Amino acid sequence: MATAPGASPESATVQRISDESIQLVDARNRPCGSAPRATMRRYHFWHRATYIVVRNTRGELCVQRRTRSKEVFPGGIDLAAGGVVGAGEAVHVAARRELAEELGIVGVPLRHMLEFVHARDGNHIFGSAYLVDYDGPLALQADEVAEAFWLSPDRALALDEVTPDTRQVVETLVRDGALVAPG
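Residues numbered from 1 in each chain as written. Predicted model: local features only at pLDDT ≥ 70, side-chain atom pairs only at ≥ 80, totals over all residues. Heavy atoms only, no water.

(A) Fine view of the pattern of salt bridges. In total, this model carries 14 salt bridges according to the counting rule given. Two residues, Glu 98 and Arg 97, come together in a salt bridge whose shortest N-O distance is 3.1 Å. Arg 97 gets classed as partly exposed once you look at its relative accessible area, which sits at 22%. Ionic pairing is found between Arg 97 and Glu 101, a salt bridge with its closest N-O pair at 3.5 Å. Here Arg 97 and its partner Glu 101 are both found in helix H3 (residues 91-103), four residues apart, which amounts to about one turn of the helix. Assessed through its relative accessible area of 33%, Glu 101 is described here as partly exposed. Each of Glu 20, Arg 37, Arg 41 and Glu 71 takes part in a single network of salt bridges with overlapping partners. (Salt bridge = Lys/Arg side-chain N within 4 Å of Asp/Glu carboxyl O. Buried < 20%, exposed > 50% of the residue type's maximum accessible area, 1.4 Å probe, protein only. Helix = DSSP H or I, 4+ residues; strand = E, 2+ residues; numbered from the N terminus.)

(B) Focus on unusual backbone geometry. Within the chain, His 44 stands out as a residue other than glycine whose phi angle is a positive 55°. Along the polypeptide, His 44 turns up in the loop between helix H2 (37-43) and strand E3 (46-55). Exposure remark for His 44: the relative accessible area of 40% places this residue in the partly exposed category. Within the chain, Asp 121 stands out as a residue other than glycine whose phi angle is a positive 50°. Note on placement: Asp 121 falls in the loop between strand E7 (111-120) and strand E8 (123-133).

(C) Expanded view of the nonpolar core. Counting 22 residues, the largest nonpolar core has Tyr 51, Val 53, Leu 79, Val 169, Val 170, Leu 173 and Leu 179 as the members making the most contacts within it. At the level of secondary structure, the elements contributing two or more residues to this core comprise E3, strand E4 (61-66), E7, E8, helix H4 (153-157) and helix H5 (164-175). When neighbours within four sequence positions are excluded, Val 53 is seen to be in contact with Leu 61, Leu 79, Ala 80, Tyr 130, Leu 131, Val 132, Val 169, Val 170, Leu 173 and Leu 179. Formed by 16 residues, the second largest nonpolar core is a distinct cluster that contains Leu 99, Val 108, Val 132 and Tyr 134. (Core = buried A, V, L, I, M, F, W, Y, C linked by side-chain atoms within 4.5 Å. Contact = heavy atoms within 4.5 Å.)

(D) Region of interest: the packing of aromatic side chains. All chains considered together, the criterion is met by three aromatic pairs. Ring geometry for Trp 46 versus Phe 126: centroids 4.9 Å apart, planes at 35°, classification tilted. Here Trp 46 is found in strand E3, whereas its partner Phe 126 is found in strand E8, with 80 residues between them in sequence. (Phe/Tyr/Trp six-rings, centres within 6.5 Å; stacked < 30°, edge-to-face > 60°.)

Here it is as structure tokens:
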């Protein structure tokens, strides 16, 4: 996408993201159309999102600091990669896409862990959570991820500014015993 004269590349990215077509669902998670991301956010429409918890062999989670340009929770802490599902996009395809875009992780098996509802602070999400075991290098998406680091689940959950939806995912996985170090 070409950047308009006088606009920064970051503002062009923000514009592209706000125009992205998102799969809308009803309160029972049935597809019911699509809308630009900005419209979905403005009217608090129900939608689907993916959450990919990345764990290394020490049992630590990949924790991300969101860039200040993010539309929701700018500068916050994510305990999972992921994002909204595009119009007509399968959830598992969206999960793989988001993992590759945000962290540069490709070709690793995704384990489906849970489905959940997150309806707080104007967000109405049907979430699908996955777990990935990964020890390789990360390639951060500069316009979305300011930094990434590794922490134990307990230390990650103790951080301030953790986004409420990724907190919900990790708390559920910890409670269910799904985040012990792989052996």
